[in-house]
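Architecture and fold: a report
Here is what each chain is made of, one letter per residue.
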Amino acid sequence: MFENLSERLSGVFDRLTKQGALSDEDVKTALREVRVALLEADVSLPVAREFVKTVQEKATGQAVTKSVTPGQQVVKIVHDALIDVLKGEGEPGSLKIDSPPAPILMVGLQGGGKTTTTAKLAKRMKDRDGKRVLMASLDVNRPAAMEQLAILGTQIGVDTLPIVKGESPVQIAKRAKTQAGLGGYDVYMLDTAGRLSIDEELMSQVEAVRDVANPRETLLVVDGLTGQDAVHTAENFDARIGISGVVLTRMDGDGRGGAALSMRAVTGKPIKFVGLGEKMDALETFEPERIAGRILGMGDIVALVEKAQETIEAEQAEKMMKRMAKGQFNMNDLKMQLEQMIKMGGMQGMMGMMPGMGKMAKQVEDAGFDDKILKQQIALIQSMTKKERANPALLQASRKKRIAKGAGMEVSDLNKLMKMHRQMSDMMKKMGKMGKGGMLKQAMKGMMGKGGMPGGMDPSQMDPKALEAAAKQMGGKLPGGLGGMGSGLGGGMGLPGGLSGFGKKK
């Protein structure tokens, strides 16, 4: 979502960090480009002006000109200013749902993704916080709106209020309140009706529901692709109804991210969550520090580690670590790692979160390497017998032909897979030997430990050069040696080690 802005800013800062000392003129020129980049990313003019003014005040004078690496200091100042622009009150993603049954009112325009977001949020509270949630649809206008919420409720295992035709939104809200109290629910969510534009009827209807339910949280759901219009919508809703936070949807699209950067500054309301896809788990907490890191190309190691923790099963990883420490790495292990990569968002998803790797992700994409290739590699491994997977040394010409044919691939593709397996196997042996499996153990502890960060790194506290160095080290610190995939990137190659042949466009 912030791809274009990130590219523009990294270009500006690359030029700054290469210079020895910075004059006020250098800073002014760079900030002029920063302002243009922000405006192109659809950030509102007052916010862009205020942002540049803040950075300029901090960046000029003694602190910068006498610094050893002034360019890096400017990047740090911009990073801090970005966090200030994005930050709201309270903890990101925290909701006031302490005394049950806590009502949450979902409001917004039609087509913004209210119903889907209601279900996503209900699933998140059920799975992460262990809350009993009741969902109720108050949309009596849109055909099948109530049925849609009921179907989503069945999918995610969350109860929905039984549909009674002919009731008004206020009557449904009262019934939901009673049901939530009697049924012992912790939270009940009211999904209100949307309109194509903000009109008096919509506002008075939502106001009536608000007065009946007296919600603990009123979340406004807005489409992130609408840019500045999303900010105006938020201002209007806040003036009439009073919102406590914003959920931006469709943030996985190619929108320029201006809404996210302007929302907090203009409305004063925090962005609590962002929707990143259609699936029911595609809802993320909006963390200002991490978002600022991503925009400046510093990556988001925390999110990468969290994803790994969610997808890696500790017991399985422990077994794998013991095998790898002994230098045992067969096709079953490789298959597990390829599947792990797909679960963690594929090659590009992982690289986008690694510091200094953002540009590499683009190169990988341009080279035609996509997640389809990972699936093809898994198909080749599945085409092998149990014996062949456990002992790849058995694979001779006739077996190779059979395996390739079974997966609908060429023998040359299988040879590339075997080469990659050899390279990763060698790397595992080296890692296993380093201080009695030290590097491997560290990697696993980083993934399994609830402390979150491998090696105790905090991206917001590091300068870009240090982060880039960390990225190269991270080659060995990815889950269970996934680093083999990334090791080639540190050396400036277009594709990860061992995968170079796979990405050729036919």
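Computed from a predicted structure; not experimentally measured.

Some points on the overall build of the chain
The helix and strand inventory of the chain stands at 24 helices and 8 strands. A burial count over the chain gives 51% of its 506 residues as buried. The contacts of the chain with a sequence gap of at least 6 include a subset with a gap of at least 24, amounting to 75%. As displayed, the chain offers around 22,800 Å² of accessible surface, 51% of which is attributable to carbon and sulfur atoms.

So, the confidence of the model for the chain
Taken over all residues, the pLDDT of the chain has a mean of 74, while the share at 70 or more is 67%. Confidence over residues 446–506 falls short of pLDDT 50; this stretch has 142 contacts with residues more than four positions distant or in other chains.

As for a positive patch on the surface
Where like charges cluster on the molecular surface, the positive patch consists of Lys28, Arg32, Arg35 and Arg49. Top element by residues in the positive patch is helix 2 (residues 24–40). It accounts for 3 residues. Structurally, the position occupied by Arg49 is in helix 3 (residues 45–59).

Notes on the pairing of strand 5 (residues 217–223)
Counting buried residues in strand 5 gives 7 out of 7 residues, a clear majority hidden from the surface. Taking every second residue as pointing to the same face, both faces of strand 5 are buried, with Glu217, Leu219, Val221 and Asp223 on one and Thr218, Leu220 and Val222 on the other. Pairing analysis gives 5 bridges linking strand 1 (residues 102–108) to strand 5, with the strands arranged parallel. Residue pairing in the sheet places Leu105 in a bridge with Thr218 of strand 5. In this fold, the crossover linking strand 5 to strand 6 (residues 245–249) by way of helix 10 (residues 228–240) has right-handed handedness.

Some words on the layout of surface pockets
The space that makes up the second largest pocket amounts to roughly 400 Å³. Around the second largest pocket, the lining is made up of 25 residues, and of these Gly111, Gly112, Gly113, Lys114 and Thr116 lie nearest the centre. Of all the elements, helix 6 (residues 114–128) adds the most residues to the lining of the second largest pocket, at 5 residues. Taken together, the residues of the lining of the second largest pocket break down into 3 nonpolar, 14 polar and 8 charged.

Reading guide: rules and limits
- Residues numbered from 1 in each chain as written.
- Predicted model: local features only at pLDDT ≥ 70, side-chain atom pairs only at ≥ 80, totals over all residues.
- Heavy atoms only, no water.
- Helix = DSSP H or I, 4+ residues; strand = E, 2+ residues; numbered from the N terminus.
- Buried < 20%, exposed > 50% of the residue type's maximum accessible area, 1.4 Å probe, protein only.
- Contact = heavy atoms within 4.5 Å.
- Areas by Shrake-Rupley, 256 points an atom, 1.4 Å probe, with all protein chains shown as cover.
- pLDDT = per-residue confidence, 0-100.
- Patch = residues over 30% accessible without salt bridge, like charges linked within 9 Å, V, L, I, M, F, W, Y side chains within 5 Å.
- Salt bridge = Lys/Arg side-chain N within 4 Å of Asp/Glu carboxyl O.
- Lys, Arg positive; Asp, Glu negative; His and termini not counted.
- Charge placed at Lys NZ, Arg CZ, Asp CG, Glu CD.
- Pairing = 2+ DSSP bridges.
- Right-handed = clockwise from strand over helix to strand, strands pointing away.
- 1 Å grid on protein atoms, 1.4 Å probe; cavity = no way out; pocket = protein on both sides within 12 Å on 5 of 7 lines; lining within 4 Å.
- Points joined across faces, edges and corners; volume = space filled by probe spheres on them.
- Nonpolar A, V, L, I, M, F, W, Y, C, P; charged D, E, K, R; others polar.

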